[in-house]
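# Structure assessment
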Number of protein chains: 2
Amino acid sequence: MNIENLSRNKSFGGWHKQYSHHSETLNCDMRFAIYLPPQAANGNKVPALYWLSGLTCTDENFMQKAAAHQMAAELGVAIIAPDTSPRGDDVADDEAYDLGKGAGFYVNATQAPWNRHYRMYDYVLNELPNLIESVFPVSDKRSIFGHSMGGHGALVLAMRNPGRYQSVSAFSPISNPIDCPWGKKAFTAYLGEDTASWAEYDSSLLMKKASQFVPALVDQGEADNFLVEQLKPEALEAAAKESGYPLTLNRHEGYDHSYYFIASFIGEHLHFHAKHLNK
Amino acid sequence: MNIENLSRNKSFGGWHKQYSHHSETLNCDMRFAIYLPPQAANGNKVPALYWLSGLTCTDENFMQKAAAHQMAAELGVAIIAPDTSPRGDDVADDEAYDLGKGAGFYVNATQAPWNRHYRMYDYVLNELPNLIESVFPVSDKRSIFGHSMGGHGALVLAMRNPGRYQSVSAFSPISNPIDCPWGKKAFTAYLGEDTASWAEYDSSLLMKKASQFVPALVDQGEADNFLVEQLKPEALEAAAKESGYPLTLNRHEGYDHSYYFIASFIGEHLHFHAKHLNK
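Rules used in this analysis
- Here the residue numbering is sequential within each chain, running from 1 through the sequence in written order.
- Written order decides the labels, with chains lettered from A and ligands numbered from 1.
- The model is predicted, so local features are restricted to residues of pLDDT at least 70 and side-chain atom pairs to those at 80 or more, both for listing and for counting; the totals for chains, interfaces and linings are taken over all residues.
- Here the side-chain values reflect all heavy atoms present in the structure, with hydrogen atoms and water set aside.
- The cut-offs for exposure are 20% and 50% of the maximum accessible area for each residue type, with area from a 1.4 Å probe on protein chains only; residues under the lower value are buried, those over the upper are exposed, and the others partly exposed.
- Numbering of helices and strands runs from the N terminus; a helix is a DSSP stretch of H or I covering at least four residues, while a strand is a stretch of E covering at least two.
- A strand pair is defined by DSSP finding two or more bridges across the two strands.
- Convention adopted: a line fitted to C-alpha atoms gives each axis, helices being fitted over their contacting stretch, and angles between N-to-C directions are expressed from 0 to 180 degrees.
- Oblique is the label for every angle not falling under 35 degrees (roughly parallel), over 145 degrees (roughly antiparallel), or within 65 to 115 degrees (roughly perpendicular).
- Two helices that cross are described as forming a left-handed crossing if the nearer one is turned anticlockwise from the farther one by less than a right angle, and a right-handed crossing if clockwise.
- The contact criterion used throughout is that any non-hydrogen atoms of two residues lie within 4.5 Å.
- Polar here means any residue other than Ala, Val, Leu, Ile, Met, Phe, Trp, Tyr, Cys and Pro, which are nonpolar, and Asp, Glu, Lys and Arg, which are charged; Gly is therefore polar.
- All copies are superposed by least squares; the fitting set is the C-alpha atoms of residues with a pLDDT of at least 70 in both.
- Put simply, buried area is how much 1.4 Å-probe accessible surface two parts lose in total, over both of them, once they are put together.
- A pairing counts as a salt bridge when a side-chain nitrogen of Lys or Arg comes within 4 Å of a carboxyl oxygen of Asp or Glu.
- Whenever two N or O atoms come within 3.5 Å, that pair is a polar contact, provided that in protein one can donate a hydrogen and the other can accept it, and provided that, for residues adjacent in sequence, both atoms are side-chain atoms.

## Focus: the pairing of strand β5 (residues 78-82) of chain B
All names here are of chain B. Most of β5 sits out of view: five of its five residues are buried. Of the two faces of β5, both are covered, the one formed by Ala78, Ile80 and Pro82 as well as the one formed by Ile79 and Ala81. Pairing of strand β3 (residues 28-36) with β5 involves four bridges; the strand directions are antiparallel. For Ile34, the partnering residue across the bridge sits in β5 and is Ile80. With three bridges joining them, strand β4 (residues 46-52) and β5 adopt parallel strand pairing.

## Considerations on the packing of helix α3 (residues 120-135) of chain B against helix α4 (residues 149-160) of chain B
Residue and element names in this part refer to chain B. Interhelical geometry of α3 versus α4 gives an angle of 60° and a closest axis separation of 11 Å. Judged by the angle between their axes, α3 and α4 are oblique. For the element pair α3 and α4, the recorded crossing hand is right-handed. Contact residues: Tyr121, Val124 and Leu125 in α3; Val156, Leu157 and Arg160 in α4. A per-class count over the contact of α3 with α4 returns five nonpolar, no polar and one charged.

## Considerations on the sheet that holds strand β7 (residues 168-171) of chain B
The nine strands are arranged β1-β2-β3-β5-β4-β6-β7-β8-β9 (chain B) in an open sheet whose pairing can be described as mixed. Of all the strands in the sheet, the pair left with one neighbour each is β1 (3-11) and β9 (247-252) of chain B. When the angles between neighbouring strand axes are averaged without regard to direction, this sheet yields 20°. Most of the contacts of helix α9 (residues 259-277) of chain A go to β1 of chain B, to which it runs at about 30°, and overall it touches β1 and β2 (14-23) of chain B. Of the strands in this sheet, β4, β5, β6 (138-147), β7, β8 (216-221) and β9 of chain B touch helix α9 (residues 259-277) of chain B, which is tilted by about 175° from β7 of chain B.

## Remarks on the relation of the copies chain A and chain B
Laying chain A over chain B is done by rotating through 180° and shifting 0.0 Å along the axis; what remains is an RMSD of 0.0 Å. Considering both components of the superposition, the chain copies are consistent with a two-fold axis. In this assembly the copies share their binding face: 100% of the residues contributing to the interface of chain A also contribute to that of chain B.

## Remarks on the interface of chain A and chain B
Contacts between the two partners involve 22 residues from chain A, matched on the other side by 22 residues from chain B. Buried area between chain A and chain B, both sides added, is near 1800 Å², and the carbon and sulfur share of it is 51%. Viewed at the interface, chain B and chain A are joined by two salt bridges. Two residues, Glu253 of chain A and Lys10 of chain B, come together in a salt bridge whose shortest N-O distance is 3.2 Å. The tally of links between chain A and chain B comes to 10 residue pairs in polar contact (both at pLDDT 80 or more). Only β1 (3-11), β2 (14-23), α1 (60-65) and α9 of chain A provide two or more residues apiece to the side of chain A that touches chain B. When the residues that make up the side of chain A that touches chain B are grouped by side-chain class, the tally is eight nonpolar, nine polar and five charged.

## What about the sheet that holds strand β3 (residues 28-36) of chain A?
Sheets are built from strands that pair by backbone hydrogen bonding, the pairs being arranged parallel or antiparallel. All names here are of chain A. With mixed pairing, nine strands are arranged side by side in an open sheet as β1-β2-β3-β5-β4-β6-β7-β8-β9. Strands with a single pairing partner mark the edges of an open sheet, and in this sheet they are β1 and β9 (247-252). For this sheet, the mean inter-axis angle between neighbouring strands, taken without regard to orientation, is 20°. Pairing geometry for β2 and β3, over nine bridges, is antiparallel. Counterpart to Trp15 in the pairing with β3 is Leu36.

## Looking at the pattern of salt bridges
If you walk through the whole model with that rule in mind, you get 20 salt bridges over all chains. The residue Asp179 of chain B makes a salt bridge to Lys232 of chain B at a minimum N-O spacing of 3.5 Å. Pair noted here: Asp179 of chain B is in the loop between β7 and α5 (181-191) and Lys232 of chain B is in the loop between α7 (227-231) and α8 (233-243), with a separation of 53 residues, a long-range link. Of the residues examined, Lys232 of chain B reaches a relative accessible area of 16% and is grouped as buried. Salt bridges linked by common partners bring Arg31, Asp59 and Glu60 of chain A together as one network.

In short, geometric facts, not functional conclusions.
Spelled out as structure tokens, the structure:
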């Protein structure tokens with residue numbers, strides 16, 4: 001594996017590091033960040049928590065703003081934050097913030113021009129963990145979480161691959177993308193007009209028909225500007241009820257869509273995942 | 001007082017808010033941020049901790065990256081983060097990152113063109129706390145802290161005004177600006193070639209001759225790229241020894257100049273200040 005270290009910062013006794021590598025899946029160079037807790041210092045393997053960010057983000061937003069390192073250091077969990085789309089000059093893009101770079105939606109695109117690079121689903125599911133587990137003192141015990149578009153990605157990846165993940169959680173996820181403007185726009189571009197193929201990327205549809213369960217936690221702010229039109233947690237809640245899915249969904253008065261909300265509840269998410277990762 | 005609310009985010013049960021106001025001292029409009037802990041919700045007055053940021057920063061860096069809200073909420077302390085210089089189209093500037101906008105150095109400039117607006121010392125010492133204490137449920141119990149250029153500012157403000165502050169702390173402060181490239185450049189521009197006037201803005205010189213003490217805490221990373229050339233904590237340490245100043249200065253192996261370092265030790269700083277604010 002050929003990876004290049006770009007930066008390193010000591011943080012709560014562990015290390016935050018950024019790396020660049022060539023992704024075969026995405027057909028471009030990619031950057032990711034990893035937080036290695038102090039417990040990993042002597043080559044001891046620690047479990048892995050994958051964070052998927054929202055629209056316009058990179059690997060940096062979570063690491064800088066989520067205030068997650070302290071608890072990850074206490075719990076002995078590594079956190080890996082990939083970028084939110086393929087990158088580079090020859091990667092297709094769109095002027096809008098919600099399509100193209102920074103907006104990969106964690107799908108495998110089937111439509112030109114997107115299908116040359118936009119395969120974030122496969123990248124996060126296979127290539128990235130294979131790389132992480134071969135290079136770092138990180139075990140194959142994995143959980144996954146994310147925010148907004150990344151909350152959608154985390155839920156979809158966990159529900160479609162229950163054997164790969166111990167637990168899943170999301171802040172303010174796009175819960176029913178086939179029925180909201182962000183999702184319809186992205187899925188039309190990446191997956192095409194035929195909505196049949198969209199179903200495998202919609203966490204509410206997946207949860208409704210699920211028979212294998214991954215413990216799931218969702219937190220949603222009630223003062224979130226995107227709540228009604230884009231996020232639709234009520235669809236996820238109804239789906240969980242139908243299939244008996246082990247979903248805990250909490251609503252929080254006054255909280256918005258920002259990282260201030262994420263930071264306020266990140267400790268609970270890290271505890272939730274650590275409990276399942278250490279089983 | 002005419003102030004305008006620009007944003008609000010609920011955070012750990014309290015509120016992060018940004019405001020704009022016209023500063024008479026600086027002769028321009030200014031933005032600041034305040035974190036109000038839950039204890040301030042019913043108009044109960046809470047003590048105030050002023051944060052001064054480093055070069056290139058605004059009111060946002062600390063609030064987004066320092067992971068300070070959780071502990072401030074627990075301790076019941078408000079945090080106020082001003083900008084790092086006057087702002088606006090008619091404010092003198094320089095192309096360099098270390099002079100002009102984003103680089104006010106918390107001095108009262110005496111030299112043209114800087115003396116029209118650059119009076120950050122008076123702004124932070126008087127106008128801003130007067131505004132805060134008249135508008136918010138914040139008491140006149142004040143402490144002050146900061147990072148790098150802001151660590152310099154916090155130390156100078158506290159040592160020159162021991163009656164105004166209960167305690168002072170700094171991460172990686174520019175400890176001896178009259179003897180480092182950043183300080184010499186800024187002081188030459190703002191205060192002029194005559195170095196006699198520089199002494200009142202040098203925390204090592206102030207500490208050496210101090211007779212009234214404010215409890216002081218400094219943390220410094222040993223992997224900080226600016227340590228040897230710009231920061232010079234050894235000058236502060238020697239000064240404290242000479243005057244018997246109550247300075248605690250900790251060095252930390254492996255930590256750099258970033259907010260990852262600040263976040264790692266912010267809890268200790270908040271506890272230190274809360275102890276003195278609640279006396």
